Amino acid sequence: MVVLSFSIWTEKLLVLTVATEETDGFRRFQRSAQCFNYKVKYLCMMFLQVLGLGEEWHGEGQKVRLLKAALEQYADDEDQIILFTESYDDIFASGPAELVKKLKQAKSKVVFSAEAVAYPERRLEPKYPSVIEGKRFLGSAAFIGYAPYLHKLVADWDGADEDSDQLYYTKIYLDPVKRKKTNITLDHRCRIFQSLYGSEGDVVMKFENGRVRARNLAYDTLPVLVHGNGPTKLLMNYLGNYIPRVWTFETGCVVCDEGLRSLSGFKDESFPLVVIGVFIDQPTPFTSEFFKRISNLEYPKKRIQLYIASREPNHQRQVEKFLKEHSAEYNLVKYIAPEEISNAADVRNAGMDICRQNPECEYYFSIDVQVVLKNASILRTLIEQNKSILSPMISRVQDLWSNFWGALSKEGFYARSEDYVEIVQRQRIGIWNVPYITDVYLVKGSVLRTKLNQYDMFRSGHLDPDMAFCDNVRKQGVFLFVSNRQLFGHLLSLENYQTSHLHNDLWQIFENTQDWKEKYIHPNHSFALIKNMEAPCPDVYWFPIFTDTACDELVEEMEYFGQWSSGSKQDQRLQGGYENVPTIDIHMNQINYEKEWHKFLLDFIAPVTEKMFPGYYTRALFDLAFVVRYKPDEQPLLEPHHDASTFTINIALNSVSQDYEGGGCRFLRYNCSVSAPRKGWALMHPGRLTHYHEGLRVTKGVRYIAVSFVDP
Ligand SMILES: *[C@@H]1O[C@H](CO)[C@@H](O)[C@H](O)[C@H]1NC(C)=O
Ligand SMILES: *[C@@H]1O[C@H](CO)[C@@H](O)[C@H](O)[C@H]1NC(C)=O
Ligand SMILES: *[C@@H]1O[C@H](CO)[C@@H](O)[C@H](O)[C@H]1NC(C)=O
Ligand SMILES: *[C@@H]1O[C@H](CO)[C@@H](O)[C@H](O)[C@H]1NC(C)=O
Ligand SMILES: *[C@@H]1O[C@H](CO)[C@@H](O)[C@H](O)[C@H]1NC(C)=O
C-alpha cells in the first residue's frame, strides 16, 4: 500500500490520499490533480510524499492510522490545510484556490463530505442533527481541515486496521462535546464534496468558458471533488471524460492525458511484438479488401503474430489466398478454420491468450472482418496513446451505428449517453471512457497478464462474447477507452449480404456504397467529369469507369453463370427485350443484377451523359444490359446496326493484346474506329440515327464487353 500526498504552496494545502494499487481510476485521479496544478499557476507546486510504502491493505481503519502518523508533524501548524481523500474513484473538478476559499467560507476548522444515508450503522440516523437543506449524514470518503484540528480528530484512534473509519468519525461527530472540540461540520450542500452515490440524478455537466464543471442541480453548487464508487462508477467514468479537462488554451492544459508512448526512431526489430486476432463470424462483404489492409498495415510484419479465426466457410477462399501470399512475412501465423470452431467465445479466448502467455507480447490487437480501417498507421497511433484498452471509434457510413456504447441500461445493455451522437459525429473529439467497445481494440499485454489474467474473458453469464468481455474488464476496474481523435475508418453493414453468387461484393452497391465504389469504380472516374474528355469519334466519349477488379469479377461472374445465349427469339424474351442484332451474351437480369446495374448507371454514367449531352436528362432506364462474348470460333464480330437506345454504354472488360487480338468498334457514318479498347473504359455514343456501328472482328482469344442500351 502506498500513501501519497501532494502539497500546494501559498495556502499551504496538502492533499493526502491512500492508494492500494495503481489502477486506471487512480491514474485518472492523479491526472486531475496534476491538471489543476498546471492551471492555477500561482498555487502550483506539488510533491510526492510516500508514507506507507509497501504496506499491505487490511481495511478502512488503516487509513486513520496512517493519517494519524502523517499528521504528527503538523500538529502545531495553524496555517496548514489538509485534504484527505480516496483516490480511485475521485476527480478534482476545480483548483486549490476554490477549495481553500470554500473551506474558509464554511467557517469550520474541519469539513466532511455528506451522504444521503448513514453508513455503516443506519440506527444512528436519529442521532444526527437535522438539516434544512442537503445531505444529513457523514461520509469519510473525503474531508478537509486545518492540521491541528485534524490532528485532534485522529489523536484518539486506537482501532484495528479492519475497523470502520467512517464509524470512528461518525461517533466523534455525533458527540456534541467532541464535535465542538474538533469543530466539525458537514458539507451538506456539496459545495466541496460531491458523492454520486444516491445523488446520480442531481449531477449534470455544465459547460462554461471553455471549462466543464460538475453541477449539483439539487443545491445549485459546483463541487470541487467528485467521488463515485460502486454502482456509480459508470457515471463517474462518464463525468471523468470531461471534468479533469480544462479547455482553456491560455493555460496550455488542454487535455489531461497520460504520457504518450512514442515509437518514433524505433528500428523495425525493436517494435513491440503485437498479436493480431482476426475474427470472421459471419458472411461479410469485402473480405479480400480487409486482408489487403491487414497486409498493408505500416508495422513491421516480423513483429506481428497473426491469429485468424474464421467461422464462415464462404470466406475460406479469401483467407487462403491471403495466407498463401503473406504467411511467410509474419513472425507467426495461426489459422483456425470453420470446422475447428465450436463457438465464438472459445476462439476469442484462445487468441487473447496467445498474447497473455508470451511475456514478449506487448499488445493484443483484436479486429473483426467488418471493420474498415482507413489509416495504415493505426497500430502505432493506438500504441502511442498508452491506454490499457483503446478502441478506434468507427461507425457505419452516415449512420449512428458504431462500435461503442456511451452508457449501459440498468440491465447492462445499450443505452444512449447524452454525448453519444456528438462523439459518433465527431463534434466532440477526444478519448472517451465508455462501458462497451467492440469490433476492434488494442489491449496491453501487461494488463492481460495482471488484471485481465482470467482465461475466460469472453464468457460471463449468458452475455454474448463481446458484452462478456467488456463486463469482465469493467469488473477488474480497467477502463475501456474509445478514441475519435482521427477518422479511423468505418464499419460495414452486414445486412442484405447475399452469398449465392461467385463475387457477392458486386451486389453491395446499395448496402455498402462507399466500399463498392472504392473496389469497383476506376479512381480517375470523377476526373472524367471535370477534365477534357476523350472523344475518339464525333459524339463518342471515352472515359475510365471500372477498376480491373470490377472487370474481372463481372466476367468471372458471367462465366460462372455460364448460360450464354445464341440470341434466338426465345432467349431474348427471357432476357427481357429484343436486340436488333443478336449477340452471344448474358443479360444482367439473368444474374439478378438489374437493380444494381441501374443504380450504377444512375450514379456513375448519368452524370457523364448529362455533362456531355447538355440539356438531356436521363433516368438511366434500360431494357437491355448484357455482357457480350466475342470469340473467333463463336461470334467474332457484329454486323453494322443501330442500337435500341437513346445512348449506349459499351465497357471493355478485358485487355487487347493480353487477352485477345482485334476487336473494337467502328462508326460507319464517320468512318471512325475505336480499335484499341482500354480495359475498364466506357464508350458512350448515341444509339440511333447517327451512330450506325459495327463490332470489329476478334481474331484471337476472347473479348468481353458490357453493353447497356439506355433510355430505349
Ligand atoms: C467552529 O468554530 C467557530 C469559531 O471558531 C464557531 O463559530 C463555529 O460555530 C464552530 N463550528 C462547530 C460546528 O463547532
Ligand atoms: C504508459 O502507461 C504506463 C501505465 O499507465 C505508465 O506507467 C507509463 O509511464 C506510461 N508511459 C509513458 C511514456 O508515459
Ligand atoms: C494516419 O494517421 C497518422 C498518424 O495519426 C496521420 O499523421 C496521418 O495523416 C493519417 N493519414 C491519413 C491518410 O489519414
Ligand atoms: C489517373 O490519371 C492520372 C493522370 O492522368 C494518371 O497518371 C494515372 O495513372 C491514372 N490512374 C489510373 C489508375 O489509371
Ligand atoms: C476510312 O478510313 C480508312 C483509314 O482510316 C481509309 O483507309 C478508308 O479509305 C476510309 N474509307 C472511306 C470510305 O472514306
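So, how was this worked out
Residues numbered from 1 in each chain as written. Chains lettered and ligands numbered in written order. Predicted model: local features only at pLDDT ≥ 70, side-chain atom pairs only at ≥ 80, totals over all residues. Heavy atoms only, no water. UniProt positions renumbered as here; feature names shortened; annotations may be inferred. pLDDT = per-residue confidence, 0-100. Contact = heavy atoms within 4.5 Å. Helix = DSSP H or I, 4+ residues; strand = E, 2+ residues; numbered from the N terminus. Pairing = 2+ DSSP bridges. Axes fitted to C-alpha atoms, helices over the stretch in contact; angles between N-to-C directions. Buried < 20%, exposed > 50% of the residue type's maximum accessible area, 1.4 Å probe, protein only. Core = buried A, V, L, I, M, F, W, Y, C linked by side-chain atoms within 4.5 Å. Disulfide = S-S within 2.5 Å. Expected span 1.5 Å × (residues − 1). Polar contact = N/O pair within 3.5 Å; in protein donor to acceptor, adjacent residues only side chain to side chain.

Per an unreviewed UniProt entry, the protein chain carries the name Procollagen-lysine,2-oxoglutarate 5-dioxygenase 1 and comes from Staurois parvus. What UniProt states about the protein chain under its Subcellular location (unreviewed entry) heading is, verbatim, "Rough endoplasmic reticulum membrane".

The next point concerns the confidence of the model for the protein chain. Interpretation of this model should avoid reading the predicted coordinates in detail wherever pLDDT is low. Of the residues in the protein chain, 91% reach a pLDDT of 70 or more, and the chain-wide mean stands at 88. Counting contacts from residues 38-53, a segment whose pLDDT is below 50, to residues more than four positions away or on other chains yields 53 contacts. Under a pLDDT of 50 for its full length, residues 247-255 has, in the predicted model, 21 contacts with residues more than four places off or in other chains.

With numbering aligned to this structure, UniProt lists the feature "domain: Fe2OG dioxygenase" (unreviewed entry) at residues 621-712. Helix makes up 0% of residues 621-712 and strand makes up 53%, while its end C-alpha atoms are separated by 8 Å.

To continue, consider the sheet that holds strand S4 (residues 90-92). Across the sheet, which stays open at both edges, the 3 strands sit in the order S4-S11-S8 with mixed pairing between neighbours. Unpaired on one side and paired on the other, S4 and strand S8 (193-195) mark the two borders of the sheet. If you compare each strand with its neighbour and ignore which way they point, the axes differ by 15° on average. Bridge count between S4 and strand S11 (residues 225-227): 3 bridges; the pairing is antiparallel. From the neighbouring strand, Ile91 faces S11, where its bridge partner is Val226.

Burial along strand S22 (residues 431-434) is two-sided: the residues Ile431 and Asn433 and Trp432 and Val434 are all buried. Pairing of S22 with strand S25 (residues 480-483), which is carried by 4 bridges, proceeds in the antiparallel orientation. The residue of S25 that forms the bridge with Val434 is Leu480.

What follows covers helix H2 (residues 61-71). With respect to burial, H2 is a largely interior element, 8 of its 11 residues being buried. All of the buried residues along H2 are Gly61, Gln62, Lys63, Val64, Leu66, Leu67, Ala70 and Leu71.

Among the nonpolar cores identified, the biggest contains 52 residues, and Ile389, Phe404, Ile437, Val443, Leu452 and Phe469 are the most heavily contacted of them. Setting aside its immediate chain neighbours within four residues, Val443 contacts Met352, Glu362, Tyr363, Tyr364, Ser388, Ile389, Leu448, Leu452 and Phe469. Core analysis: the second largest hydrophobic core is formed by 46 residues, Tyr541, Ile545, Trp564 and Ile591 among them.

Let us now look at the state of the cysteines. What we call a disulfide is simply a covalent bond connecting the sulfur atoms of a pair of cysteines. Per the stated rule, a full pass over the model turns up 2 disulfides. The partner cysteine of Cys355 in its disulfide is Cys361, sulfur to sulfur 2.1 Å. Taking the sign of the S-S torsion, about -95° here, the bridge from Cys355 to Cys361 comes out left-handed. Accessibility assignment for this pair places Cys355 and Cys361 in one class, buried. A sulfur-sulfur separation of 2.0 Å characterises the disulfide bridge that pairs Cys537 with Cys672. Across the S-S bond of Cys537 and Cys672 the torsion is about -85°, and the bridge reads as left-handed. Remark: Cys672 occurs in strand S35 (residues 672-674) and Cys537 occurs in strand S27 (residues 534-537); sequence separation between them is 135 residues. On the accessibility criterion, Cys537 (2% relative accessible area) is buried.

In spatial order, the strands read S31-S37-S34-S35; together these 4 strands make up an open sheet with antiparallel pairing. Either end of the sheet is taken by a strand with one partner, and the two such strands are strand S31 (638-641) and S35. For this sheet, the mean inter-axis angle between neighbouring strands, taken without regard to orientation, is 15°. Summarising the sheet, strand S34 (residues 665-667) and S35 pair through 3 bridges and their orientation is antiparallel. Residue pairing for S35: Phe667 is matched across the bridge by Cys672.

Another aspect to go through is helix H10 (residues 344-357). Helix length check: H10 (14 residues) gives 20 Å between terminal C-alpha atoms against 20 Å at 1.5 Å per residue, within 8%. Here H10 lies mainly inside the structure; 10 of its 14 residues are buried. Within H10 the residues assigned to the buried category are Ala344, Ala345, Val347, Arg348, Asn349, Gly351, Met352, Asp353, Cys355 and Arg356. The opening residue of H10 is Asn343, an N-cap whose side-chain oxygen sits 2.9 Å from the backbone nitrogen of Ala345.

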